[in-house]
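Listed below, chain by chain, are the residues.
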Amino acid sequence: MMIDKRFDKSYFEHYIARQNHFIKKYEDIANGRVGSNKQEVYVTLANKYKDLIAAQFSHGDSIADIKSTFEKYVENLDKVDNMSYSDYIDCLSLQVILEVDDLTIRARKDFDDDLAIILKSYIYRNKPVFTNKLLFKDYYAPFFEYATDKKSALDLIEYVNNKWYIRSSGFYWYESHVRMGDIYAGYWCYIASALLKMK
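Conventions adopted
Residues numbered from 1 in each chain as written. Predicted model: local features only at pLDDT ≥ 70, side-chain atom pairs only at ≥ 80, totals over all residues. Heavy atoms only, no water. pLDDT = per-residue confidence, 0-100. Helix = DSSP H or I, 4+ residues; strand = E, 2+ residues; numbered from the N terminus. Patch = residues over 30% accessible without salt bridge, like charges linked within 9 Å, V, L, I, M, F, W, Y side chains within 5 Å. Areas by Shrake-Rupley, 256 points an atom, 1.4 Å probe, with all protein chains shown as cover. Salt bridge = Lys/Arg side-chain N within 4 Å of Asp/Glu carboxyl O. Axes fitted to C-alpha atoms, helices over the stretch in contact; angles between N-to-C directions. Parallel < 35°, antiparallel > 145°, perpendicular 65-115°, else oblique. Left-handed = near helix turned anticlockwise from the far one by under 90°. Contact = heavy atoms within 4.5 Å. Nonpolar A, V, L, I, M, F, W, Y, C, P; charged D, E, K, R; others polar. Buried < 20%, exposed > 50% of the residue type's maximum accessible area, 1.4 Å probe, protein only. 1 Å grid on protein atoms, 1.4 Å probe; cavity = no way out; pocket = protein on both sides within 12 Å on 5 of 7 lines; lining within 4 Å. Points joined across faces, edges and corners; volume = space filled by probe spheres on them. Phe/Tyr/Trp six-rings, centres within 6.5 Å; stacked < 30°, edge-to-face > 60°. Lys NZ or Arg CZ within 6 Å of the ring centre and 35° of its normal. Core = buried A, V, L, I, M, F, W, Y, C linked by side-chain atoms within 4.5 Å.

Caption draft 1: Summary view of the confidence of the model for the protein. The predicted model of the protein has a mean per-residue pLDDT of 92, with 97% of residues at 70 or higher. Within the protein, helix α1 (residues 9–32) has the poorest average pLDDT of any element, 93, and helix α8 (residues 190–198) the best, 98.

Here it is as structure tokens:
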């Protein structure tokens, strides 16, 4: 069942086929490269797999298919030395959404703020030990406030529906639905979905 309303089924079928073609090409390159050049390939592969996950959600693919893509995303993201905090949070959020508790992304101590700790404690079913630290507060505070019961589910949904997209203008995918080249994969707020599922 199609989820996205901006583009039709054939757009996403074409996007997914093209993305898989690019992924195969970069996997072939990764198998032939050594040293620091591989970092660029792992970054590209992680990004391609992440975009493929968004397109699969938009297209309404099965959770089993999305989980399979997610495993490959984690495998490549875990090899990236300079992973971003947003990728780390999205990865943990996707683990919650997809109910994947047997995959562990390499620990990033510098990213383990209280929001990451909340997600990890849910995934691995342990008691959170907080650090009183929240990274990138301007962007992540509304999610943290919901996670710590300072805001309601309705507050979070209203924030995502009315403010989240505008506040995401610094991300590479922003306004991808109006750019040339069929680069739109769908707009998915994984952290909100994960936190709503957790409660």
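Alright, that's what it looks like, and here's the rest.
Caption draft 2: Spotlight on a nonpolar patch on the surface. A contiguous nonpolar patch, built from Leu154, Ile157 and Leu196 and spanning about 270 Å² of accessible area, is present on the exposed surface. Mapped onto the elements of the fold, Leu154 is located in helix α7 (residues 153–167).

Caption draft 3: Representation of the packing of helix α6 (residues 137–147) against α7 in the model. Contact geometry of α6 with α7 gives a least axis separation of 10 Å together with a crossing angle of 165 degrees. Relative to α7, α6 is oriented roughly antiparallel. In this structure, α6 crosses over α7, and the sense of that crossing is left-handed. Between α6 and α7, the contacting residues are Asp138, Tyr139, Pro142, Phe143 and Tyr146 on the first element and Ala153, Leu156, Tyr159, Val160, Trp164 and Arg167 on the second. Along the lines of polarity and charge, the residues of the contact of α6 with α7 split into nine nonpolar, no polar and two charged.

Caption draft 4: Seen up close, unusual backbone geometry. In this structure, Glu99 is a non-glycine residue whose phi angle is positive, near 55 degrees. Even without glycine at this site, Phe136 takes up a positive phi of about 50 degrees. Under the relative-accessibility criterion, Phe136 is labelled exposed at 54%.

Caption draft 5: The arrangement of the layout of surface pockets in detail. Counted as a void, the largest pocket has a volume near 640 Å³. Forming the boundary of the largest pocket are 37 residues, of which Lys50, Asp51, Asp87, Tyr172 and Trp173 lie nearest the centre. Sorting the residues of the lining of the largest pocket by element identifies α1, α2 (37–59), α4 (85–98), α6 and α8 as the ones contributing at least two each. Per-element accounting of the lining of the largest pocket gives the leading share, seven residues, to α2. Here the lining of the largest pocket is built from residues that sort into 23 nonpolar, seven polar and seven charged.

Caption draft 6: Structural context of the packing of aromatic side chains. Counted according to the given criterion, the structure contains 24 aromatic pairs. Look at Phe143 and Tyr159: their rings are 5.7 Å apart centre to centre, the planes differ by 85 degrees, and that puts the pair in the edge-to-face class. One end of the pair, Phe143, is in helix α6; the other, Tyr159, is in helix α7, with 16 residues separating them in the sequence. One exposure class covers both Phe143 and Tyr159, and it is buried. The cationic tip of Lys199 hangs over the ring face of Tyr146; the distance from NZ or CZ to the ring centre is 4.2 Å.

Caption draft 7: Quick look at α8. Taken as a whole, α8 has its buried residues at Tyr190, Ile191, Ala192, Ala194, Leu195 and Met198. Residues of α8 that are buried sit in contact with α2, α4, α5 (114–123), α6 and α7.

Caption draft 8: Quick peek at the nonpolar core. Counting residues in hydrophobic clusters, the biggest one holds 62 residues, and the most contacted among them are Phe70, Tyr73, Leu115, Leu119, Phe143, Trp164 and Leu195. Taken together, the elements giving at least two residues each to this core come down to α1, α2, α3 (63–77), α4, α5, α6, α7 and α8. For this core, the leading source of residues is α2, giving ten residues. What Leu119 contacts, discounting residues up to four positions off in sequence, is Ile89, Leu92, Ser93, Val96, Ile191, Ala194, Leu195 and Met198.

Caption draft 9: Quick peek at the pattern of salt bridges. Inspection of the entire model under this criterion finds nine salt bridges. The salt bridge involving Arg108 is made with Asp78; its shortest N-O contact spans 3.9 Å. With a gap of 30 residues between them, Arg108 in the loop between α4 and α5 and Asp78 in the loop between α3 and α4 connect regions that are remote in the sequence. Its relative accessible area of 23% is what places Asp78 among the partly exposed residues.

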